[in-house]
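Here are the chains, one letter per residue:
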Amino acid sequence: MIEFQHVTKIYKGGKVAVEDVNLSFNKGEFICFIGTSGSGKTTCMRMINRMNEPTKGKILINDKDIKEVNPVELRRKIGYVIQNIGLMPHMTIRENITLVQKLLKVDEQTRQETAEKMIDLVELPREMLDRYPAELSGGQQQRIGVVRALAANQDIILMDEPFGALDPITRDALQDLVKDLQERLGKTIVFVTHDMDEALKLANRIVIMSEGKVIQFDTPENILRSPANEFVEELIGEDRLLQAKPDTTTVGEVMLKNAITITPEKSLREAISLMREKRVDTLLVTDNSKILKGFIDVESIDKMRGKASSVGDILNKDVFYVKEDKLLRDVLQRILKRGLKYVPVVDQKNRVVGILTRASLVDIVYDVLWGDETSISEAIESAKEEA
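Computed from a predicted structure; not experimentally measured.

1. Here's the deal with the overall build of the chain
- Per the secondary structure count, the chain includes 17 helices and 16 strands.
- Taking all 387 residues of the chain together, the buried fraction comes to 49%.
- Considering only contacts in the chain between residues 6 or more positions apart, those separated by 24 or more positions represent 62%.
- As displayed, the chain has an accessible area near 19,700 Å², and 47% of this comes from carbon and sulfur atoms.

Shown next, in the form of structure tokens:
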């Protein structure tokens with residue numbers, strides 16, 4: 001979908017920012033550029049929408065040289081999210097989300113429908129559409145910045161260190177959000193970061209740059225297994241390299257299949273009865289097709305006693321989940337870092353297929369996490385034998 005052909009960028013004074021870059025990105029990929037300051041990563045990204053023009057070489061999008069496209073028209077077809085968000089302070093959230101659509105002369109009714117759909121995607125209340133950016137928190141503003149880039153239905157989204165100024169918890173949540181939206185909507189995202197953990201978590205493939213040159217371009221797994229040189233090794237860090245074992249165990253292989261679920265129309269009395277029967281304090285909420293909608297727990301039931309009657313009335317949609325086909329080693333740190341007692345597991349259609357518990361994970365990978373040479377696969381087999 002995007003191709004760099006011998007691309008070089010030389011600024012006035014002869015400074016070479018990017019030198020002979022050859023890259024090809026597929027439709028629907030999440031690509032991360034990473035490198036030291038001044039390595040050329042941001043320059044490469046900004047050349048995709050012609051905010052920087054190549055001195056030599058070509059950049060093609062869908063086999064067409066972008067030099068043949070009007071730069072304004074090109075930028076309207078490519079989403080862009082920057083670190084300081086860039087929301088228009090004098091516009092409402094609704095107007096910010098549909099800004100590009102308005103420029104493209106999309107009718108008002110479609111714009112309103114888009115605004116509602118987009119704010120639903122990031123699980124913010126629709127009443128926020130008529131507020132101004134200053135009335136939202138930094139994390140909420142960042143969510144709006146993300147969906148604004150999606151609102152005009154652009155296939156390509158450029159993201160320039162969008163989460164660099166956020167606190168770790170908000171940053172982690174937004175990383176999960178962006179990755180989930182990218183996979184669900186099939187967008188091609190080109191993402192610049194200086195954080196290797198972020199790149200390893202988000203990317204299908206990573207472009208590592210130094211002094212204007214591409215040093216390595218590969219999947220996170222291959223980069224961890226086979227760093228191109230000492231520079232890449234230093235960028236990755238010794239701890240990550242030690243943990244980069246060739247385990248291919250998926251979440252689906254270790255999940256428990258007895259996730260306890262309930263549907264939104266069920267009464268709170270029925271929910272309490274199910275909790276007692278199954279001896280749990282939390283229930284996953286799904287629709288009749290088993291698609292995950294959120295969760296309820298005893299605290300929320302107690303808090304809303306006498307004020308709500310159905311599960312849907314107290315549903316908490318802010319639920320962290322993982323896909324069954326993800327590698328276990330890729331999600332372990334995220335689960336344990338959050339301190340969650342359990343994590344729902346879903347399939348590609350977001351249907352609940354199982355659950356991971358913190359206790360079972362610690363039992364299985366204890367030795368791996370604390371430096372034993374045992375692999376995750378070996379630890380699982382050992383746990384099965386002991387059982």
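After that view of the structure, there is still more to cover.
2. Looking at the packing of aromatic side chains
- Taken as a whole, this structure holds 4 aromatic pairs when the rule is applied.
- Where Phe25 meets Phe217, the ring centres are 5.8 Å apart and the plane angle is 70°; that geometry is what we call edge-to-face. Within this pair, whereas Phe25 is found in strand β2 (residues 16-25), its partner Phe217 is found in strand β10 (residues 213-218), the two being separated by 192 residues in sequence.
- Residue Phe25 is classed as buried on the basis of its relative accessible area, which comes to 0%.
- Aromatic rings pair up to connect Phe4, Phe25, Phe33 and Phe217 into one cluster.

3. Details of the packing of helix α5 (residues 108-121) against helix α6 (residues 138-151)
- The contact between α5 and α6 brings their axes to 10 Å, and the two run at 135°. By the angle between their axes, α5 is oblique relative to α6. The two elements α5 and α6 meet at a crossing, and its hand is right-handed. Contacts between α5 and α6 involve Thr114, Met118 and Ile119 from the first element and Ile144, Val147, Leu150 and Ala151 from the second.

4. Details of the pattern of salt bridges
- Applying the stated criterion across every chain, the model contains 16 salt bridges.
- A salt bridge links Glu183 to Lys326, with the nearest nitrogen and oxygen atoms 2.9 Å apart. Here Lys326 lies in the loop between β14 (322-323) and α15 (328-338) and Glu183 lies in helix α7 (residues 168-185), a separation of 143 residues in the sequence.
- Glu183 sits in the partly exposed class, given a relative accessible area of 32%.
- Where Arg305 meets Asp302, a salt bridge forms, and the shortest distance between an N and an O atom there is 3.5 Å.
- Overall, Asp302 belongs to the partly exposed group, its relative accessible area being 49%.

5. Let's talk about the sheet that holds strand β12 (residues 282-286)
- With mixed pairing, 3 strands are arranged side by side in an open sheet as β11-β12-β13. Here the strands that pair on one side only, and so sit at the sheet edges, are β11 (261-262) and β13 (292-297).

6. As for the confidence of the model for the chain
- Confidence in the prediction of the chain, expressed as mean pLDDT, is 85, and 89% of residues score 70 or more.
- Here residues 367-374 is a poorly scored stretch, pLDDT under 50, and it has 11 contacts once near neighbours within four places are set aside; other chains count.

What counts, and where the lines are drawn
- Residues numbered from 1 in each chain as written.
- Predicted model: local features only at pLDDT ≥ 70, side-chain atom pairs only at ≥ 80, totals over all residues.
- Heavy atoms only, no water.
- Helix = DSSP H or I, 4+ residues; strand = E, 2+ residues; numbered from the N terminus.
- Buried < 20%, exposed > 50% of the residue type's maximum accessible area, 1.4 Å probe, protein only.
- Contact = heavy atoms within 4.5 Å.
- Areas by Shrake-Rupley, 256 points an atom, 1.4 Å probe, with all protein chains shown as cover.
- Phe/Tyr/Trp six-rings, centres within 6.5 Å; stacked < 30°, edge-to-face > 60°.
- Axes fitted to C-alpha atoms, helices over the stretch in contact; angles between N-to-C directions.
- Parallel < 35°, antiparallel > 145°, perpendicular 65-115°, else oblique.
- Left-handed = near helix turned anticlockwise from the far one by under 90°.
- Salt bridge = Lys/Arg side-chain N within 4 Å of Asp/Glu carboxyl O.
- Pairing = 2+ DSSP bridges.
- pLDDT = per-residue confidence, 0-100.

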